[in-house]
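Chains, contacts and geometry: an overview
One letter stands for each residue in the lines below.
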Amino acid sequence: LQGGGVDLARLPVINIERVEVSRGGASSRFGSNALGGVINIVTKSGENAPGFSSLAEMGSFGVRRGSLSLSTRSARSDYFVSFDRSYSRGDFSFVGPDGSPQRRENGQGSSHSFFSVFGYYPAPSQRLSLTLQDDYSLAGVPGPLQFPSPNASQEDVRRVVSVNYEESSSARRLRATLYHQQAKRLYSDPDAFPAPINSDHRNEVDSADASLLWPLT
């Protein structure tokens, strides 16, 4: 989202294992911005019980959504794979400033998402995992009521690759992560005044972090 927010609609429910709420400062675990508290959404992995899940949703304004997921685990490896697709017309009715009934135009949107986690166990207390994610969405941008934009559109693409290593024992807990993200946003409004708008915003993020918990007693 513009302004640095998080679009939770891009996270399919079928991928969520649990939601953790931490009150108070948690910068040692989640970084320097975790001052007042953290809402941590933990996604599924093949470490969970093997299984197949499917989800279908329908609603007003042409809302349709379908999701599939598959996970399994063996003695030395595990994986979790999911695919999600959604669409909405977004054409709700409303009363205009002059009191006449109107219908929202160019409010349609579609998206699809692929998410996968592959894990390998070098030893019983160690796990090496690879996470791949690909999100795509295309939506109309109706604009404000006074200045509608019936042909404006916004396209978002996001790709993530992450490698994670975890080691746990009675004496210590080690975790290390390498992370890479590519994001692209294309906005187009051929009817903009005084000239058509075509903007292209791209960014890449690379990060590495490690944490070690070693009790003193």
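The present account deals with the structure reproduced in this document. Note that this is a predicted model, so its numbers are computed, not measured.

Rules used throughout
- Residues numbered from 1 in each chain as written.
- Predicted model: local features only at pLDDT ≥ 70, side-chain atom pairs only at ≥ 80, totals over all residues.
- Heavy atoms only, no water.
- Helix = DSSP H or I, 4+ residues; strand = E, 2+ residues; numbered from the N terminus.
- Buried < 20%, exposed > 50% of the residue type's maximum accessible area, 1.4 Å probe, protein only.
- Contact = heavy atoms within 4.5 Å.
- Areas by Shrake-Rupley, 256 points an atom, 1.4 Å probe, with all protein chains shown as cover.
- Lys, Arg positive; Asp, Glu negative; His and termini not counted.
- Charge placed at Lys NZ, Arg CZ, Asp CG, Glu CD.
- Pairing = 2+ DSSP bridges.
- Phe/Tyr/Trp six-rings, centres within 6.5 Å; stacked < 30°, edge-to-face > 60°.
- Polar contact = N/O pair within 3.5 Å; in protein donor to acceptor, adjacent residues only side chain to side chain.

This brings us to the overall build of the chain. Within the chain, the regular secondary structure consists of 1 helix and 12 strands. What you see in the chain, going N to C, is helices and strands ordered as β-α-β-β-β-β-β-β-β-β-β-β-β. Its C-alpha atoms put the chain at 75 × 35 × 30 Å along the principal axes. Burial statistics for the chain: of 217 residues in total, 25% are counted as buried. In the chain, the share of contacts with a sequence separation of at least 24, taken over all contacts with a separation of at least 6, comes to 50%. As displayed, the chain offers around 14200 Å² of accessible surface, 57% of which is attributable to carbon and sulfur atoms. Distance between charge centroids for the chain: 6 Å, based on 22 positive and 22 negative side chains.

Alignment of strand S10 (residues 153-168) against strand S11 (residues 173-189), held across 16 bridges, turns out to be antiparallel. Paired with Val163 across the strands is Leu178, a residue of S11. The antiparallel hairpin formed by S10 and S11 contains 4 residues in its connecting segment. Relative to strand S12 (residues 197-213), S11 runs antiparallel, the two being bridged by 17 bridges. Across the sheet, the residue bridging to Gln181 is Val205, located in S12.

Under the defined criterion, the tally for this structure stands at 3 aromatic pairs. On the basis of an interplanar angle of 65° and a centroid distance of 6.2 Å, the ring pair of Phe80 and Phe115 is categorised as edge-to-face. Here the residue Phe80 occupies a position in strand S5 (residues 77-88), and Phe115 occupies one in strand S8 (residues 109-120), the gap between them amounting to 35 residues. Judged by relative accessible area, Phe80 falls into the buried class, the value being 2%.

Moving on, we come to unusual backbone geometry. A cis amide bond, omega 10°, links Phe193 with the succeeding residue Pro194. Not every positive phi belongs to a glycine, and Phe61 is a case in point at roughly 60°. Looking at the secondary structure, you find Phe61 in the loop between strand S3 (51-59) and strand S4 (63-73). Backbone geometry places Asn106, a non-glycine residue, at a positive phi of 60°. Inspection of the secondary structure puts Asn106 in the loop between strand S7 (101-103) and S8.

Quick look at the environment of Asp209 now. Inspection of the secondary structure assignment puts Asp209 in strand S12. Taking the C-alpha atoms as reference, Asp209 lies 8.3 Å from Arg175; in sequence the two are 34 residues apart. When near neighbours in sequence (up to four residues on either side) are disregarded, Asp209 contacts Arg175, Ala176 and Thr177.

Mapping Asn15 onto the fold places it in the segment before strand S1 (16-23). Among the polar contacts listed, one links the side chain of Asn15 to the side chain of Ser82, at a separation of 2.6 Å. Discounting residues that sit within four places of it in the chain, Asn15 has contacts with Val42, Thr43, Lys44, Phe80, Ser82 and Phe115.

Below, the discussion takes up the environment of Tyr179. Tracing the sequence through the fold places Tyr179 in strand S11. Apart from residues lying up to four places away in sequence, Tyr179 is in contact with Arg158, Val160, Val161, Ser162, Val205, Asp206 and Ser207. A polar side-chain atom of Tyr179 sits 3.0 Å from a polar atom in the side chain of Gln181.

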